[in-house]
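Analysis of the macromolecular model
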Amino acid sequence: MKIINVRTSRPYNVLIERGSLKKSGELISQVIHSKKAVVITDDKVNSLHADILVESLEKNGISASVFVFPHGEQSKSLTVLGQIYDFLCEKRITRSDFLIALGGGVVGDITGFAAATYLRGIEFVQIPTTLLAQVDSSVGGKTAIDIAGGKNLVGSFKQPALVICDSDTLRTLPQEELSCGMAEVIKYGMIRDEKLFETLEKHDISNIDDVMDSVVYTCVDIKREVVEHDEFDTGERMMLNFGHTLGHAIEGWHNYTDYTHGMGVAVGMCIITEKLCSPELSERLKKCVKSYGLPTSTEAPMSELLPYCSTDKKCDSDSINYIVCEKIGQAQIKKVTVSEFSVLMEG
Ligand SMILES: NC(=O)c1ccc[n+]([C@@H]2O[C@H](COP(=O)([O-])OP(=O)(O)OC[C@H]3O[C@@H](n4cnc5c(N)ncnc54)[C@H](O)[C@@H]3O)[C@@H](O)[C@H]2O)c1
């Protein structure tokens, strides 16, 4: 088993091992002593993986009730959050009990926010079952729900007590979801780790599973380092947004419908690199992106994307932070005015 210790204001371990879901009861018992938990999951993950978790919890003397909500981003809402609070009350969950998020980033974000706020805060464990959640959203302590005004606008920082990544669970993911997570993995290679990028170049979407444990380990370790330096997202953590400013704009242009977050990030990384870096680097990135089933360009005209960039919540009103990697593994954060960014992107 690979173990990464994340030294944030509240330190915790990320455990990475194939088949660890079956042992999760035992692994959790080593960290949390309460014998009562609520598992929060979505309908798809519930039918695929929840029984294994509940069986393992029961084997270790932990009684678990399961709260299931419909899969998809629209469930990361005040309505579902309210239903979770009601369920916790109904099950008489106290401050010494805990929650388990079993699922992708949607489950992790809403469960984390419920854990941060119910009874002013109770423990929670992340068991991420999408690649995106394993390499990104389950580590770092950002939790949130969406409101009418926008995505992730209500949330808090709440570090989990433990994260368990079982790459066997990723085998049931549809290819589109795997590709979506691969966009974040490629991002980590580009911003911090040339060796990881080379590993990605030697594989593709059909065989990346062969090295998944070590890929997840490397990505989580990069995220650990960035988060330890900037737990509350005031500087260096911005580096994790490589490809995201344009990516969010492309998702927005498509009304968040037929375009996944990973597709947006992939195209965002490719456009920034094509505009600002060498043609060789741009070609290398595009080849890698394509081999994981992701697009490298968009039909959306740049002039229509730019207004979405300046409304990104990570920007102040008249400036944009963007990330550029002139060499693989070396990211720089640049701050420019909105009009300077337009010139760079449209030039
Ligand atoms: N907190 C953070 O730091 C952070 C970082 C990045 C993204 N996020 C958030 O994460 C969310 C996106 O996460 P996501 O991409 O995991 O989406 P998701 O949670 O919606 O999962 C994607 C789909 O995969 C299904 N699924 C999950 N695990 C599966 C499995 N093992 N087998 C088969 N199907 C499975 C889900 O039911 C869902 O339909 C967004 O809400 C985003 O805002 C948060």
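This structure is a prediction, so every number in the text was calculated from the model and none was measured.

This part covers the site of the ligand. Near the ligand lie 26 residues; those nearest to it are D42, E73, T129, T130 and T172. G105 places a polar main-chain atom, nitrogen or oxygen, 2.8 Å from an oxygen atom of the ligand. Here an oxygen atom of the ligand sits 3.2 Å away from a polar atom, N or O, in the side chain of N152. For the ligand, the protein covers 89% of the area, taking 860 Å² as the surface of the free molecule. At the level of secondary structure, the elements contributing two or more residues to the shell around the ligand comprise helix 2 (43–59), helix 4 (105–117), helix 5 (131–137) and strand 8 (150–157). At four residues, the largest contribution of residues to the shell around the ligand is made by helix 2. Residue classes in the shell around the ligand are distributed as six nonpolar, ten polar and ten charged.

Our focus in this paragraph is the domain arrangement of the protein chain. Looking at the protein chain, the domain boundaries give domain 1 (2–172) and domain 2 (175–346). Each of domain 1 and domain 2 was reduced to a C-alpha centroid, and the two centroids are 26 Å apart. On the side of domain 2, 28 residues touch domain 1, which itself brings 29 residues to the contact. Summed over both partners, the interface of domain 1 with domain 2 comes to about 2500 Å²; 63% of that surface belongs to carbon and sulfur atoms. The largest per-residue losses of area from domain 1 upon contact with domain 2 belong to I4, L131 and V135, which jointly make up 24% of the total buried on that side. The tally of links from domain 1 across to domain 2 stands at five salt bridges. K142 is the salt-bridge partner of D233, the closest N and O atoms lying 2.8 Å from each other.

In this section: the pairing of strand 4 (residues 63–69). By the bridge criterion, seven bridges tie strand 3 (residues 36–42) to strand 4 in an arrangement that is parallel. By the bridge assignment for strand 4, D42 is matched with F69. What joins strand 3 to strand 4 is helix 2, and the crossover it makes is right-handed.

Glancing now at helix 7 (residues 194–202). Turning to helix 7, its buried residues number three or more, namely L196, F197 and L200. Down the axis of helix 7, the smallest arc covering the buried residues is 100°, so these residues share one side. Residues K195 and K202 are exposed on helix 7 and point more than 90 degrees away from its buried face. The inward-facing, buried residues of helix 7 abut helix 6 (175–192), helix 8 (212–229) and helix 11 (279–291). Sitting at the amino-terminal end of helix 7 is D193, which places a side-chain oxygen 3.1 Å from the backbone nitrogen of K195.

Another point: the environment of H203. The residue H203 is located in the loop between helix 7 and helix 8 in this model. Note: C-alpha distance between H203 and T169 (34 residues apart in sequence) is 20 Å.

Any pair of aromatic rings gets described here by the distance separating the centres and the angle formed by the planes. One pass over the full model with this rule turns up four aromatic pairs. When the centroid spacing of 6.5 Å and the interplanar angle of 20° are considered together, the rings of Y85 and Y118 count as stacked. Of this pair, Y85 sits in helix 3 (residues 78–90) while Y118 sits in the loop between helix 4 and strand 6 (123–128), and the two are 33 residues apart along the sequence. Residue class for Y118 comes out buried when judged on its relative accessible area of 9%. Its end group placed over the ring of Y188, K187 keeps NZ or CZ at 4.7 Å from the ring centre.

A few words on the sheet that holds strand 3. Strand order across the open sheet formed by seven strands is 1-2-9-6-5-3-4, with mixed pairing between neighbours. If you trace the sheet from one side to the other, it starts and ends with strand 1 (2–6) and strand 4, each paired once. Averaged over all pairs of adjacent strands, the angle between strand axes in this sheet comes to 20°, irrespective of strand direction. Here strand 5 (residues 98–103) pairs with strand 6 via six bridges, running parallel. When the bridges of strand 6 are listed, A101 appears paired with Q126.

Axes are the key here: two packed helices are described by the angle between their axes and the distance separating the axes. Viewed as axis vectors pointing N to C, helix 3 and helix 4 meet at an angle of 55°, and their least axial separation amounts to 10 Å. Relative to helix 4, the element helix 3 lies oblique. Once helix 3 is placed against helix 4, the crossing between them reads as right-handed. Counting all contacts with helix 3, which are made through V80, L81, I84 and Y85, the residues of helix 4 involved are I110, F113, A114 and T117. Split by residue class, the contact of helix 3 with helix 4 holds seven nonpolar, one polar and no charged.

For helix 12 (residues 302–309), the complete set of buried residues consists of M302, L305, L306 and C309. Across the axial projection of helix 12, the buried residues extend over an arc of 110°, all falling on one side. Its buried side turned inward, helix 12 meets helix 9 (244–253), helix 10 (261–276), strand 10 (319–327) and helix 13 (338–346).

About the thresholds
Residues numbered from 1 in each chain as written. Predicted model: local features only at pLDDT ≥ 70, side-chain atom pairs only at ≥ 80, totals over all residues. Heavy atoms only, no water. Near = heavy atom within 4 Å. Polar contact = N/O pair within 3.5 Å; in protein donor to acceptor, adjacent residues only side chain to side chain. Areas by Shrake-Rupley, 256 points an atom, 1.4 Å probe, with all protein chains shown as cover. Helix = DSSP H or I, 4+ residues; strand = E, 2+ residues; numbered from the N terminus. Nonpolar A, V, L, I, M, F, W, Y, C, P; charged D, E, K, R; others polar. Domains from an automatic or database assignment. Contact = heavy atoms within 4.5 Å. Buried area = accessible area lost by both parts, 1.4 Å probe. Salt bridge = Lys/Arg side-chain N within 4 Å of Asp/Glu carboxyl O. Pairing = 2+ DSSP bridges. Right-handed = clockwise from strand over helix to strand, strands pointing away. Buried < 20%, exposed > 50% of the residue type's maximum accessible area, 1.4 Å probe, protein only. Arc of directions from axis to C-beta. Phe/Tyr/Trp six-rings, centres within 6.5 Å; stacked < 30°, edge-to-face > 60°. Lys NZ or Arg CZ within 6 Å of the ring centre and 35° of its normal. Axes fitted to C-alpha atoms, helices over the stretch in contact; angles between N-to-C directions. Parallel < 35°, antiparallel > 145°, perpendicular 65-115°, else oblique. Left-handed = near helix turned anticlockwise from the far one by under 90°.

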